[in-house]
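Coordinates in review
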Amino acid sequence: YAGSFDPFTNGHEDIVSRALKIFDHLTIVVAVSPNKTPLFSAEERVRMIKELFKHEKRVSVTSWSGLVVDFARENRIGSIVRGLR
């Protein structure tokens, strides 16, 4: 599940809980875009999301500055979760 998550919202949390009903593990990828000026640094966003899900062993959190499809390929991830706006 990739996004800027600046900040991580209740809507994001809802998507995570729904995804965990389908998948055994969910990787949350904090996207880093050089064209945006975020409210929180990538490290802060990763830290906050890790804290939120510290009791959920099926969730991992990392950051990535490239294309999400490249992250998925490099980490052998076969599905990408997306929310709707």
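See the structure printed just above.
We now turn to the structure provided with this report. Every value quoted in this text rests on a predicted model; they were computed, and no experiment measured them. (Residues numbered from 1 in each chain as written. Predicted model: local features only at pLDDT ≥ 70, side-chain atom pairs only at ≥ 80, totals over all residues. Heavy atoms only, no water.)

A look at the packing of aromatic side chains
As a reminder of what qualifies: Each Phe, Tyr or Trp ring (for Trp, its six-membered ring) is paired with any other whose centre lies within 6.5 Å, and the angle between the two planes then decides the class: stacked below 30 degrees, edge-to-face above 60, tilted in between. When accessible area is computed with a 1.4 Å probe and restricted to protein chains, residues below 20% of their type maximum are described as buried, those above 50% as exposed, and intermediate ones as partly exposed.
Inspection of the entire model under this criterion finds four aromatic pairs. Residues tyrosine 1 and phenylalanine 5 carry aromatic rings whose centres are separated by 5.1 Å and whose planes lie at 70° to one another, so their mutual orientation is edge-to-face. With respect to burial, tyrosine 1 and phenylalanine 5 carry one shared label: buried. Where tryptophan 64 meets phenylalanine 71, the ring centres are 5.2 Å apart and the plane angle is 70°; that geometry is what we call edge-to-face. Ring pairing ties together the aromatic residues Tyr1, Phe5, Phe8 and Phe53, which thus form one cluster.

Observations concerning the side chain of arginine 45
To be explicit about the condition: Helix and strand definitions here come from DSSP, where helices need a minimum of 4 consecutive H or I residues and strands a minimum of 2 consecutive E residues; each element is numbered from the N-terminal end. The charged-residue count follows a simple rule in which Lys and Arg add positive charge and Asp and Glu add negative charge, with His and chain termini not counted at all. Within this document, salt bridges are pairs made up of a side-chain nitrogen of Lys or Arg and a carboxyl oxygen of Asp or Glu, the two lying within 4 Å of each other. Throughout, a residue-residue contact means that at least one pair of heavy atoms, one from each residue, lies within 4.5 Å.
Tracing the backbone shows arginine 45 in helix α2 (residues 42-52). Aspartate 6 provides the closest opposite charge to the buried, unpaired arginine 45, separated from it by 4.3 Å. With residues near it in sequence (within four places) discarded, arginine 45 still touches Ser4, Phe5, Asp6, Val30, Ala31, Pro38 and Phe40.

What to know about the pairing of strand β3 (residues 59-64)
Going by this rule: Should DSSP find at least two bridges between two strands, the strands are taken to pair. If you view a crossover with the strands going away from you and the path from the first strand over the helix to the second runs clockwise, you call it right-handed.
In terms of strand pairing, strand β2 (residues 26-31) meets β3 through six bridges, oriented parallel. Following the sheet pairing, alanine 31 is matched in β3 by tryptophan 64. Chirality of the crossover, the property in question, places the unit of β2, α2 and β3 among those that are right-handed.

Brief notes about the sheet that holds strand β1 (residues 2-3)
Here we have three strands laid out as an open sheet, ordered β1-β2-β3, and parallel in their pairing. In this open sheet, the two edge strands, each paired with only one partner strand, are β1 and β3.

As for the layout of surface pockets
Which entries qualify depends on this criterion: A 1.4 Å probe that fits into a set of points on a 1 Å grid over the protein atoms alone but cannot get out defines a cavity; an open set with protein on both sides within 12 Å along at least five of seven lines defines a pocket, and lining residues are those with an atom within 4 Å of a point. Grid points are joined across faces, edges and corners, and a volume is the space filled by probe spheres set on the points. Residues were grouped as follows: Ala, Val, Leu, Ile, Met, Phe, Trp, Tyr, Cys and Pro as nonpolar; Asp, Glu, Lys and Arg as charged; and all remaining residues, including Gly, as polar.
Empty space within the largest pocket amounts to approximately 530 Å³. Gly3, Ser4, Phe5, His12 and Arg85 are, among the 20 residues lining the largest pocket, the residues nearest its centre. In terms of residue class, the lining of the largest pocket is built from ten nonpolar, five polar and five charged. Of the pockets and cavities examined, the second largest pocket occupies roughly 200 Å³. Residue lining of the second largest pocket: 15 residues in total, with Tyr1, Thr27, Ile77, Ser79 and Ile80 positioned closest to the centre. Looking at the lining of the second largest pocket, the elements that each hand over two or more residues are β2 and α3 (68-74). Looking at the lining of the second largest pocket residue by residue, the classes come out as eleven nonpolar, four polar and no charged.

Topic: the pairing of β2
Within β2, five of the six residues are buried, which leaves it mostly tucked inside the rest of the structure. Across two bridges, the pairing between β1 and β2 is parallel. Bridging from a neighbouring strand, glycine 3 pairs with valine 30 of β2.

It is worth stressing that arrangement in space is one thing and function is another; only the former is reported here.
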